[in-house]
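# Commentary on secondary and tertiary structure
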Amino acid sequence: MTIFLYILFGFLSGIIGGMGMGGGTLLIPLLTIFLGLDQKLSQGINLVTFLVMALISLCIHYKNGFIETRGIFYIILSGVIFSIGGALVAGLLPSKILRICFGGFLCILAIIEFTKAFKKD
């Protein structure tokens, strides 16, 4: 049953990740809630799966002409710097604090998306 859940969660997060939302938004809660994995382990699994999903999505989006390369250096540079910083901070924090922070982030994201859905253009 556990293997089936891993496959199902990978399938769901892959679809969400391929659409550009970020599969970790779904994968991390699924791994921690339904499989009881530690928050840090779930985030590590998400990072590994993200690399594969991002590479495939990048190739498809580039092929379809959806990639704008102007200014990409600055995005990559700041992403690398803050990823290293975030990983160092996450390594120092207890899993409970990370879980609370991630839950808060998801709540804020849900509120933003909910208000955008009902906002009149």
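The notes below deal with the structure included here. All values reported here derive from a predicted model rather than from experimental measurement. (Residues numbered from 1 in each chain as written. Predicted model: local features only at pLDDT ≥ 70, side-chain atom pairs only at ≥ 80, totals over all residues. Heavy atoms only, no water.)

Interhelical geometry of helix H1 (residues 2–18) versus helix H2 (residues 24–34) gives an angle of 160° and a closest axis separation of 9 Å. Judged on the interaxial angle alone, H2 and H1 are roughly antiparallel. Where H1 crosses over H2, the two elements pack in a sense that is right-handed. Counting all contacts with H1, which are made through Tyr6, Phe9, Leu12, Ser13 and Ile16, the residues of H2 involved are Leu26, Leu27, Leu30, Leu31 and Phe34. Its residues placed into classes, the contact of H1 with H2 shows nine nonpolar, one polar and no charged. (Axes fitted to C-alpha atoms, helices over the stretch in contact; angles between N-to-C directions. Helix = DSSP H or I, 4+ residues; strand = E, 2+ residues; numbered from the N terminus. Parallel < 35°, antiparallel > 145°, perpendicular 65-115°, else oblique. Left-handed = near helix turned anticlockwise from the far one by under 90°. Contact = heavy atoms within 4.5 Å. Nonpolar A, V, L, I, M, F, W, Y, C, P; charged D, E, K, R; others polar.)

If you check helix H3 (residues 39–63), its first and last C-alpha atoms are 35 Å apart, about what 25 residues at 1.5 Å a residue would give, namely 36 Å. Along H3, the helix axis deviates most sharply at Phe50, where the bend reaches about 25°. The complete set of buried residues in H3 reads Gln39, Ser42, Asn46, Met53 and Ser57. Its buried side turned inward, H3 meets H1, H2 and helix H5 (95–118). Two or three places before Lys40, at the start of H3, stands the capping residue Asp38, its side-chain oxygen 3.2 Å from that residue's backbone nitrogen. Among the residues trailing H3, Gly65 stands out with phi positive, at a value near 80°. (Expected span 1.5 Å × (residues − 1). Bend = angle between axes of the 7 residues up to and from the residue. Buried < 20%, exposed > 50% of the residue type's maximum accessible area, 1.4 Å probe, protein only. Polar contact = N/O pair within 3.5 Å; in protein donor to acceptor, adjacent residues only side chain to side chain.)

This next bit is on the pattern of salt bridges. One pass over the full model with this rule turns up two salt bridges. Of the charged contacts, one joins Arg70 and Glu68 as a salt bridge, the two residues approaching to 3.5 Å between their closest N and O atoms. A salt bridge links Glu113 to Lys116; the nearest nitrogen and oxygen atoms lie 3.4 Å apart. Here Glu113 pairs with Lys116, and both are found in helix H5, just three residues apart, close to one helical turn. (Salt bridge = Lys/Arg side-chain N within 4 Å of Asp/Glu carboxyl O.)

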